[in-house]
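Inside the fold
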Amino acid sequence: MTGTHPHQTEDSSPRRLLLVGAGGMGRAWLETILAEPRAELVGVVDLDLEAARAALAAAGAAQVPVGDDVVALAEHTAADAVVDVTVPAAHHRITTDALLAGYPVLGEKPAAATVPEALSLVAASEVAGRLFMVSQSRSFDPRLFRLRDHARALGTAGVLSTEFFKAPHFGGFREQMAHPLLVDMAIHPFDAARLVLEAEPVSVYCEEHNPPWSWYAGDAAATALFEMTGGARFAYTGSWCSPGRETSWNGSWRLSAEHGTALWDGETEPEVEDVRDGRAADDAATPARPAVGEGIAGSLAAFLGALAGGPAPMGEVHGNVLSLVMVEAAVESSARRGRVMVDEILERALAKALEAEVRDDVRAALASWPSVRRVLTGAPSVLPG
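Position labels on residues start from 1 in each chain and follow its written sequence. In keeping with the model being predicted, local features are shown solely for residues with a pLDDT of at least 70 and side-chain atom pairs are shown and tallied solely at 80 or more, while totals for entire chains, interfaces and linings include all residues. In computing side-chain properties, one takes all heavy atoms of the structure into account and sets aside hydrogens as well as water.

Focus on the side chain of Glu332
- Helical segments are the DSSP runs of H or I of at least four residues, strand segments are the runs of E of at least two, and each set is numbered from the N terminus. Among the structural elements, Glu332 can be located in helix α10 (residues 317–336).
- Judged by relative accessible area, Glu332 falls into the buried class, the value being 17%.
- Ignoring anything within four residues of it in the chain, the contact list for Glu332 reads Val340, Glu344, Ile345 and Arg348. Working definition: with a 1.4 Å probe on protein chains only, accessible area under 20% of the residue-type maximum means buried, over 50% means exposed, and in between means partly exposed. Here a residue-residue contact requires only that any non-hydrogen atoms of the pair lie within 4.5 Å.

Given below as structure tokens:
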């Protein structure tokens, strides 16, 4: 389904964006929107109106209206789209309400708090005929795409591995989570591995543990081995309580492939050796997509490009959900102490989504799917807009 929202502007005009969430990430997005010439911030929604006003005042935009109802403020401000930067538990309600009111949505990762809720949002996007893009901001890194292009040049992939070792003292909710590393951080390398290998998860075996010196209540370390479509393996090892010799926030990567090896420290350019001619493969294929920017600025630029008539962006919800599925499958594997099949997670999530869905039109869309994997890996049926 497609259509034109009554408030949608001409492609050459700035898109009128409503920001939902005025916390720490909300303030970062607020600054990013204000700095983007193709966007106009027309409102901020938060349950704490004083927090919203304070965030706007700090950014020098005190004149922007605030409210505590997404759809009401979107209509009042003639917004073109919604940017949802709330906590994951709020994503499903806010995104559903915005989509079904006719507004495209750019949301912070994860798409939703659970895979069933994420599947409901896929269906809501289809019913509404509106774009829902999930911001996997760490995947908007030109060096990651360079690694992907080297992977293409090196032939069939064998093993892709990522090591992630940091020791942040966040305080707050992260230090009380049951699975802080897997649930809050691992979705970034899982999403990146799908991009580099151009493959999807088939199964996973994962173990979590919490080192005795950890300052986290839940398991802050994990090792997971994924089987990917095409036969490659993706190995992830990480810890959030590893002081000394820390990796970058993107981790440290190694790809072993048919014709050589690629290394990436997560910060500088990848190093590649192609054994067919014994030299560094600096002439790998030109990146397939132009750079749109890094981090959340890259996410916003890709979203705006799609609204202006460009292709479905990286992070479009159909293509993004399997990154969240990898997280849920890894957590379940750790709990079971055994291998978990991804399709098992998908089909169980669909059953739960159907049971929980309160909208008849969204439930009908879910029920019409021939298989969850086919829907998520096929071309999205929703055009940008």
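Comments concerning the pattern of salt bridges
- Here, a salt bridge means any side-chain nitrogen of Lys or Arg that lies within 4 Å of a carboxyl oxygen of Asp or Glu. Counting across every chain of the model gives 22 salt bridges.
- Between Asp361 and Arg359 there is a salt bridge, with the nearest N and O atoms lying 2.8 Å from each other.
- The exposure class of Asp361 is partly exposed, given its relative accessible area of 30%.
- Each of Arg148, Asp149, Arg152 and Glu198 takes part in salt bridges that share partners, so that together they form one network.

Some details on the confidence of the model for the chain
- For the chain, the average pLDDT comes to 92, and 91% of its residues sit at 70 or higher.
- Across the chain, each position has a pLDDT score giving the predictor's confidence in that residue, from 0 to 100. Confidence drops under a pLDDT of 50 for residues 1–10, and excluding neighbours within four residues, the segment shows 29 contacts in the predicted structure.
- Note on residues 283–288: pLDDT is under 50 here. Beyond four places in sequence and across chains, it has eleven contacts.

Topic: the layout of surface pockets
- One number sums up the size of the largest pocket: a volume of about 1,200 Å³.
- Only protein atoms enter the calculation, which uses a 1 Å grid: trapped sets of points that fit a 1.4 Å probe without letting it out are cavities, open sets showing protein on both sides within 12 Å along at least five of seven lines are pockets, and any residue with an atom within 4 Å of a point is a lining residue. Looking at the largest pocket, it is lined by 45 residues, and the ones nearest its centre are Thr86, Val87, Pro88, His91 and Lys109.
- At the level of elements, α1 (24–35), α4 (88–100), α7 (180–184), α8 (187–197) and α10 are the ones that each hand at least two residues to the lining of the largest pocket.
- Sort the elements by how many residues they give to the lining of the largest pocket and α4 lands first, with six residues.
- For the lining of the largest pocket, the residue count by class is 24 nonpolar, ten polar and eleven charged. Grid points are joined across faces, edges and corners, and a volume is the space filled by probe spheres set on the points. The classification used treats Ala, Val, Leu, Ile, Met, Phe, Trp, Tyr, Cys and Pro as nonpolar, Asp, Glu, Lys and Arg as charged, and all other residues, Gly among them, as polar.

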